Amino acid sequence: MDLCTTGCGPAELTGAFDRTNEQNPWKDYTVLHVLYCSGDLHAGNVTRDYTDPNGVELVQQRGYINARTAIEWAKVNTDAKLSSLVISGASAGSQATQEWAATLLRELKYDAAGVVADSFISVFPDGTEGTLIGEWGMCDVGLLQGDLLEACRAKTLTYADWFDGAMQEFPDVAFANIQSKYDGVQMQYYTSGN
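Thresholds applied
Residues numbered from 1 in each chain as written. Predicted model: local features only at pLDDT ≥ 70, side-chain atom pairs only at ≥ 80, totals over all residues. Heavy atoms only, no water. Salt bridge = Lys/Arg side-chain N within 4 Å of Asp/Glu carboxyl O. Buried < 20%, exposed > 50% of the residue type's maximum accessible area, 1.4 Å probe, protein only. Helix = DSSP H or I, 4+ residues; strand = E, 2+ residues; numbered from the N terminus. Phe/Tyr/Trp six-rings, centres within 6.5 Å; stacked < 30°, edge-to-face > 60°.

1. Description of the pattern of salt bridges
With the rule as written, the count across this model stands at 11 salt bridges. Here Lys-27 and Glu-22 are joined by a salt bridge, their closest N and O atoms 3.8 Å apart. The exposure class of Glu-22 is exposed, given its relative accessible area of 63%. Through salt bridges with shared partners, a single ionic network connects Arg-68, Glu-72, Lys-75 and Glu-107.

Right, here's the structure in full:
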């Protein structure tokens, strides 16, 4: 099964993307959908040597640059001030929501905003999360400041701390997590870290 592709095509427009559903509260929103296949949760910036049966291959994980490029495009091509801003993502996009929330809330102008992290609550085995964040090259891309940046460099940063930092900085913005009681993908990530 191919999990990554260098091409793109239209996906079925369901849920928040279904503009024909009158019950969809976002049907009239402008949507910036950042595609992803770098394996670094939309925020890494690192080159790695991966060894496979054919030898060593350099792999560039540039999720931060991919996301930043899309965000800069949106700044140029949307209203200077949004009446409503919703930052949301599912699965790896949930991670990106947690990583990018504070930065986007600082950089974009809006009348009202909400942040919804959907389907990846970021539970990792003790001691692995900070190392992963650091190894993906996320510390010095510009998403972190102050104590959070120092924790990242010390490889002790957690996603809970990262997301909480955004909530503390923006107390007037609504934040939410959507998570099922049983998340097989989250459980696979957790057990792969042990």
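2. Let's talk about unusual backbone geometry
The phi dihedral of Ser-91 is positive, around 60°, even though this residue is not glycine. Position of Ser-91 relative to the elements: it lies in the loop between β3 (81-90) and α2 (92-107). The backbone of Lys-155 shows a phi angle near 60°, a positive value even though the residue is not glycine. In this fold, Lys-155 is placed in the loop between α4 (146-153) and α5 (159-169). Of the residues examined, Lys-155 reaches a relative accessible area of 36% and is grouped as partly exposed.

3. As for the packing of aromatic side chains
Taken as a whole, this structure holds 4 aromatic pairs when the rule is applied. Ring centres of Phe-124 and Tyr-159 lie 6.1 Å apart, and the angle between their planes is 20°; this geometry places the pair in the stacked category. With Phe-124 in the loop between β4 (109-118) and α3 (129-135) and Tyr-159 in helix α5, the pair connects residues that are 35 residues apart, well separated along the chain. Like Phe-124, the residue Tyr-159 is buried in the burial classification. Between Tyr-159 and Trp-162, the ring centres sit 5.5 Å apart and the planes meet at 15°, which makes this aromatic pair stacked. Of this pair, Tyr-159 and Trp-162 both sit in helix α5, 3 residues apart, roughly one helical turn. Comparing Tyr-159 with Trp-162 shows no difference in burial state: the two are buried.

The analysis is restricted to geometry; functional conclusions fall outside its scope.
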